[in-house]
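# Commentary on secondary and tertiary structure
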Amino acid sequence: MDYPTIVLKPKEENRLISGHLWAFSNEIAKAPEGIVPGTLADLVHSRSGFLGRGFYHPHSLIAFRILTDQKDQEIDQAFFEKRFADAVNWRERCYPGATAYRLIFGESDRLPGLIVDRYGDYFVIQAIAAGIERARPTIVQALKSLFQPKAIIWRADSALRDLEGLPQAAPQVLHGALSGRMQIETENGKFWVDLLGGQKTGFYFDQRDNRQALAPFCKGKRVLDAFSYSGGFGIAAASAGAKEVVLVDSAHAALELAQENAELNGVADRTTCVEGDALALLARENPGGPFDVIAIDPPAYARSKKHLPAALKAYEKLNALAMKALPKGGILASSSCSHHVGRETFLEMLRRSAKKAERRARLVELRSQAKDHPVLLAMPETEYLKFAILKID
Ligand code: SAH
């Protein structure tokens, strides 16, 4: 097959040669007219020659996404099958015996713009690049041939799609059938997931390792899981022997799932679900209050760089409230899933929160996203989650 040639500007190749997978629009020297967004193309450089084959988008800030640096590699079903097989191997090494995980984490699995979550025999796909949307039939065929899935679900409701000019759409079953909720088993317990109606693709796998890291601190303790969604942290804490767990989320549907998850794991007698605003609940607490451990996992406050200053103020306020609510020796597990908040900025925010709360904090652990959301070292953009366990005195 012949691929159109996109020429990179002089001096812009080093990042790509080092393993970064994007070329930005201002780095493109020349491209044929009238290319449809997401067309497969070759990226070349006047001095370094062929850099990679991937998706070109004439109107996106991310103009080129590299799929392969092999010039003889066709982007066909076999290509996707190989990438999927590599991805399964890694997940099986990280989580032996697991059948539910993020199978493809976009760029980190060398499939830019593609997310695939696996729930046993059910697969949920998200496309956040025009090229992936165009390649959908091939991707679906590759999943079918490799995994013989009971269903493949397509979710086109990520805000990132706007940046590629892709429309938002309701979840859709592309293959097979799916009725109602289903159950998954993870190292943190069993969970009901709602693949069509749930948030994102149905479950937050990115916090799985962090739930494991926090669980030992919860034994015999009173735990607040704030922004709980279906109860990931709280269920893990209760299963690890927490005395009492309160889950709070503002979404009714999330708490319904959480309540059923408590029952599913046999911890409903120690678990209370509260529908409401986590900030308001925290503001009512005081150091004599009922919690020894507080996990806060708010939605991304900084949706773009422009929102960063306001977002940092909101994180600071939330964290200060949580710190104030803990007794001496209490544990705060604080998360931020905003791409635009870097590790150092996150720590700086926590320092300001501690000052505001007039508390001393010891950093016990600083963590990131789970191993099924790998970070590509050459691409800092692939890291987004920050997770700190702090001892508050
Ligand atoms: N901790 C969860 C994931 C949380 S996602 C897990 O481990 O699975 C963020 C959650 O915050 C969503 O479920 C959303 O409904 C909830 N949320 C957003 N604003 C809120 C608020 N002001 N108070 C309580 N929950 C809120």
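Before any of the text, the structure's been laid out above.
We now turn to the structure provided with this report. From a predicted model like this one, the values you see are computed outputs, not experimental measurements.

## Overview of the overall build of the protein chain
On a plain count of helices and strands, the protein chain comes out with 10 helices and 20 strands. Taking 2.2 N^0.38 as the reference for a compact globule, 393 residues should give roughly 21 Å; the C-alpha atoms of the protein chain span a radius of gyration of 22 Å, in line with that estimate. With the principal axes as the frame, the protein chain shows a C-alpha extent of 70 × 45 × 35 Å. Here the protein chain, with 393 residues, has 54% of them falling under the buried criterion. A separation threshold of at least 6 residues defines the contact pool for the protein chain, and within that pool the share at least 24 residues apart is 62%. Carbon and sulfur atoms make up 53% of the accessible area of the protein chain, which totals about 17,100 Å².

## A short note on the sheet that holds strand β1 (residues 5-8)
As summarised here, the arrangement of the 6 strands in space is β2-β6-β5-β4-β1-β3, forming an open sheet in which the pairing is mixed. The sheet terminates laterally at β2 (22-24) and β3 (28-30), the two strands that pair on one side only. Strand-to-strand twist of the sheet, defined as the mean angle between neighbouring strand axes without regard to direction, takes the value 40 degrees. Note: β1 against strand β4 (residues 39-45), 4 bridges, orientation parallel. By the bridge assignment for β4, L8 is matched with H45.

## Let's talk about helix α6 (residues 232-239)
Since the α-helix advances by 3.6 residues per turn, residues separated by three or four positions end up pointing in the same direction. The element α6 is largely enclosed, with a buried count of 7 among its 8 residues. Those residues of α6 that fall on the buried side of the exposure criterion are G232, F233, G234, I235, A236, A237 and A238. Of the residues trailing α6, G241 is marked for its positive phi of about 105 degrees.

## Examining the nonpolar core
The nonpolar side chains of a soluble globular protein tend to be buried, and buried together. Membership of the largest hydrophobic core comes to 35 residues, with the highest contact counts inside it found for Y119, I184, L195 and L214. Top element by residues in this core is α6. It accounts for 4 residues. In this structure, L195 is in contact with Y119, Y122, V124, I153, R155, L178, M182 and T201, ignoring residues within four places of it in sequence.

## Details of the state of the cysteines
A complete count under the given rule lists 0 disulfides for this structure. The thiol of C337 is unpaired, and the distance to the nearest cysteine sulfur, on C218, comes to 20 Å. Given the relative accessible area of 22%, C337 is considered partly exposed.

## Description of the packing of aromatic side chains
Within a pair of aromatic rings, the relevant descriptors are the distance that separates the centres and the angle that separates the planes. Under the defined criterion, the tally for this structure stands at 11 aromatic pairs. Ring plane angle 40 degrees and centroid distance 6.3 Å describe the contact between F80 and F84, whose orientation is recorded as tilted. Taken as a pair, F80 and F84 lie in helix α2 (residues 77-94) at a separation of 4 residues, close to a single helical turn. Assigned by exposure class, F80 and F84 land together as buried. Summarising the aromatic geometry, the rings of F105 and Y384 are spaced 6.1 Å apart at their centres and angled 45 degrees between planes, so their arrangement reads as tilted. Of this pair, F105 sits in strand β7 (residues 100-105) while Y384 is found in the loop between β19 (361-367) and β20 (386-392), placing the two residues 279 residues apart along the sequence. Taken as a pair, F105 and Y384 share a single burial class, namely buried. What links up through ring pairs into an aromatic cluster is the set Y119, F191, F203 and F205. The ring of Y95 carries the charged tip of R208 above its face, separated from the ring centre by 4.1 Å. The ring of F233 carries R211 above its face, with NZ or CZ at 5.7 Å from the centroid.

## Details of the pattern of salt bridges
Inspection of the entire model under this criterion finds 23 salt bridges. R65 is the partner of E164 in a salt bridge, and the nearest nitrogen-oxygen pair spans 3.1 Å. Placement of the pair is E164 in the loop between β10 (151-156) and β11 (169-176) and R65 in strand β6 (residues 62-68), with a sequence separation of 99 residues. The partner of E187 in a salt bridge is R208, and the shortest N-O contact between them spans 2.8 Å. One end of the pair, E187, is in the loop between β12 (182-186) and β13 (189-193); the other, R208, is in helix α5 (residues 208-214), with 21 residues separating them in the sequence. Among the residues examined, E187 registers a relative accessible area of 33% and is labelled partly exposed. A single salt-bridge network, built from bridges that share partners, covers R65, E107 and E164.

## Comments concerning the site of the ligand
Neighbouring the ligand are 16 residues, the closest being R211, D249, D277, A278 and D297. Between an oxygen atom of the ligand and a side-chain N or O atom of R211, the distance comes to 2.8 Å. Within the backbone of S250, an N or O atom sits 3.1 Å from a nitrogen atom of the ligand. In isolation the ligand has 580 Å² of accessible area, and contact with the protein removes 87% of it. Of the residues in the shell around the ligand, the class split is 7 nonpolar, 5 polar and 4 charged.

## Some details on helix α10 (residues 343-357)
Counted at 1.5 Å a residue, the expected span for α10 with its 15 residues is 21 Å, and the 21 Å between its end C-alpha atoms agrees. Where α10 is concerned, the buried positions are F346, L347, M349, L350, S353, A354 and A357. Within α10, the buried residues cover an arc of 155 degrees as seen down the axis, which keeps them to one side. Exposed residues pointing more than 90 degrees away from the buried face of α10 are listed as E344 and K355. One or two residues past the end of α10 sits E358, with phi positive at roughly 55 degrees.

Rules and cut-offs
- Residues numbered from 1 in each chain as written.
- Predicted model: local features only at pLDDT ≥ 70, side-chain atom pairs only at ≥ 80, totals over all residues.
- Heavy atoms only, no water.
- Helix = DSSP H or I, 4+ residues; strand = E, 2+ residues; numbered from the N terminus.
- Rg over C-alpha atoms; globule rule 2.2 N^0.38 Å.
- Buried < 20%, exposed > 50% of the residue type's maximum accessible area, 1.4 Å probe, protein only.
- Contact = heavy atoms within 4.5 Å.
- Areas by Shrake-Rupley, 256 points an atom, 1.4 Å probe, with all protein chains shown as cover.
- Pairing = 2+ DSSP bridges.
- Axes fitted to C-alpha atoms, helices over the stretch in contact; angles between N-to-C directions.
- Core = buried A, V, L, I, M, F, W, Y, C linked by side-chain atoms within 4.5 Å.
- Disulfide = S-S within 2.5 Å.
- Phe/Tyr/Trp six-rings, centres within 6.5 Å; stacked < 30°, edge-to-face > 60°.
- Lys NZ or Arg CZ within 6 Å of the ring centre and 35° of its normal.
- Salt bridge = Lys/Arg side-chain N within 4 Å of Asp/Glu carboxyl O.
- Near = heavy atom within 4 Å.
- Polar contact = N/O pair within 3.5 Å; in protein donor to acceptor, adjacent residues only side chain to side chain.
- Nonpolar A, V, L, I, M, F, W, Y, C, P; charged D, E, K, R; others polar.
- Expected span 1.5 Å × (residues − 1).
- Arc of directions from axis to C-beta.

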